[in-house]
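# Structural characterization, general
The chain contents come next:
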Amino acid sequence: MVLASFDIPNSIRFFGVHTHNRVINIYSEFLMSEKKPVMSDALRQARAPIKRQSLADIELQAARISAMMEHIRAAMLEPTAAKQAPDVSAAQLATLCDVDKNRIAYRLSRGGLPQGTMKGNRREWTMHEAREWVREFRASHLRPAMAAGTTITVANFKGGVAKTTSAVTLAQGLSMRGHRVLVVDLDPQGSATTLFGVLPDAEVEQEHTAMLLFAGEHDDLSYAIRPSYWPGIDLVCAAPLLFGAEFALPARQTRDPGFEFWRCLDRGLDQARMDYDVIVIDTPPALSYVTINALMAADGVIMPLPPSALDFASSAQFWDLFSDLCNQLIRSRGQDKTFEFIDVLLSRVESSDAASSVVRQWVLEGYTEKVLPIEIPKTAVTATAAAEFGTVYDLPRGAMNAKTFSRARDAYDRLCELVEQQIEAVWAAQVEQLGH
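Now for a description of the structure that goes with this document. (Residues numbered from 1 in each chain as written. Predicted model: local features only at pLDDT ≥ 70, side-chain atom pairs only at ≥ 80, totals over all residues. Heavy atoms only, no water.)

### Some remarks on the pairing of strand β11 (residues 371-377)
Across the seven residues of β11, five count as buried, placing the element largely inside the fold. For the crossover that starts at strand β10 (residues 341-349), traverses helix α17 (residues 354-367) and ends in the parallel β11, the hand is right-handed. (Buried < 20%, exposed > 50% of the residue type's maximum accessible area, 1.4 Å probe, protein only. Helix = DSSP H or I, 4+ residues; strand = E, 2+ residues; numbered from the N terminus. Right-handed = clockwise from strand over helix to strand, strands pointing away.)

### With respect to helix α6 (residues 101-110)
Within α6 the residues assigned to the buried category are Ile104, Arg107 and Leu108. Taken down its axis, α6 places every buried residue within 110° of arc, on the same side. Every exposed residue of α6 that faces more than 90 degrees away from the buried side is listed here: Asn102, Ser109 and Arg110. Elements in contact with the buried residues of α6: α5 (90-97), β3 (122-125) and α7 (127-137). (Arc of directions from axis to C-beta. Contact = heavy atoms within 4.5 Å.)

### Some points on the packing of helix α8 (residues 163-176) against helix α19 (residues 402-435)
The interhelical angle for the contact between α8 and α19, taken along N-to-C directions, is 70°, at an axis separation of 9 Å. With respect to their mutual orientation, α8 and α19 come out roughly perpendicular. Contact residues: Thr165, Thr169, Leu170, Gly173, Leu174 and Met176 in α8; Arg409, Tyr412, Cys416, Val419, Glu420 and Ile423 in α19. A class-by-class count of the residues in the contact of α8 with α19 yields seven nonpolar, three polar and two charged. (Axes fitted to C-alpha atoms, helices over the stretch in contact; angles between N-to-C directions. Parallel < 35°, antiparallel > 145°, perpendicular 65-115°, else oblique. Nonpolar A, V, L, I, M, F, W, Y, C, P; charged D, E, K, R; others polar.)

### A word on the side chain of arginine 177
Structurally, arginine 177 is set in the loop between α8 and β5 (181-185). For arginine 177, a relative accessible area of 17% corresponds to the buried category. Other than its neighbours up to four places away in sequence, arginine 177 contacts Val134, Arg138, Leu142, Asp413, Cys416, Glu417 and Glu420.

### Digging into unusual backbone geometry
The backbone of arginine 348 shows a phi angle near 50°, a positive value even though the residue is not glycine. As for its position among the elements, arginine 348 is in strand β10. Judged by relative accessible area, arginine 348 falls into the partly exposed class, the value being 37%. We note that threonine 368 has phi near 45°; this positive angle belongs to a residue other than glycine. By secondary structure assignment, the location of threonine 368 is in the loop between α17 and β11.

Function cannot be inferred from these measures alone, as they are strictly geometric.
Given below as structure tokens:
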């Protein structure tokens, strides 16, 4: 077991005392409920060689881990065992609305918008209430009536590059700016689904995922959309059963040579583009049939890329393979595919790492203007948020050191601002084209 031999000083430094204690306490409670003692180091070293494991043993292991996940989530999310978006203070509301705090006080006196709730000597708004304020004050930034929702695919060939965290945090940030967002989780591991407080193994069925779309049982993805705990964000879940899409799509192509498997998701999102301002797609860490669908459906692509040599090399392979596929699937049929923007996001950046500075320069030289002028730092804040099954936007401002928190939060705020500017440019181009 990982936590039984967890390095306590390192875990405190990595997660913070509060979260470290919660994780250890929850894990210990689970072990007590199972009535199985934690093995000591001496016993571990003296034990016999590992016995062979049958499929039945693996099934038992899977069931045990699933039970642990349910127990941990229930304890982390007490008392409701469901996630809740954080409340917003007057200062935070002013920032979201792009106005001075005095303007909030003045608008309160006029009425017509949610008054929030007094908690002690401060007023707070729920995220749902805050979005009403934001949509009024930032009306000029919202999607024009004639424009369609913008689809953004977050993709990378490798795992562990902050792909899912970037996708979910971007969705939350855009929703706080007043936009209506749909998150489509296409990774069978269901990491984005988990961040939204839904357990992929226990709480997700086929009809909650894109699987029925890929299998040809539906032509539109609307059947799978469900509300999330975060106001302004709806969700299409993922679960391991989504692996079936890697067999269903080529099988349909074999049965029907006229079927374009790479257009399946694109066409399935037609209605969602009318209902949502932004669609954010999280993809598997591979150039699979599903990932190809996500890229073909995208108006814009964001690639999170840590400044490490292996990740940089992997990114080169990603674009090389994707280019070859586009030539085979698209250009060979006399078609083309245009992306409104492709962004490379430097993620998990450690400013003190000399080696990463060298690779950062490679990224800047290789991707030139595609590199966003913002870096997402690798901080204890993001580690703490992950341990709490959330993102930096899920954490209350008092949860971590103020300077560390602001550094991480400001980076994601800037990311959302830059992406929103590109989205607005896409909408403006659509409106202009329709005007002609």
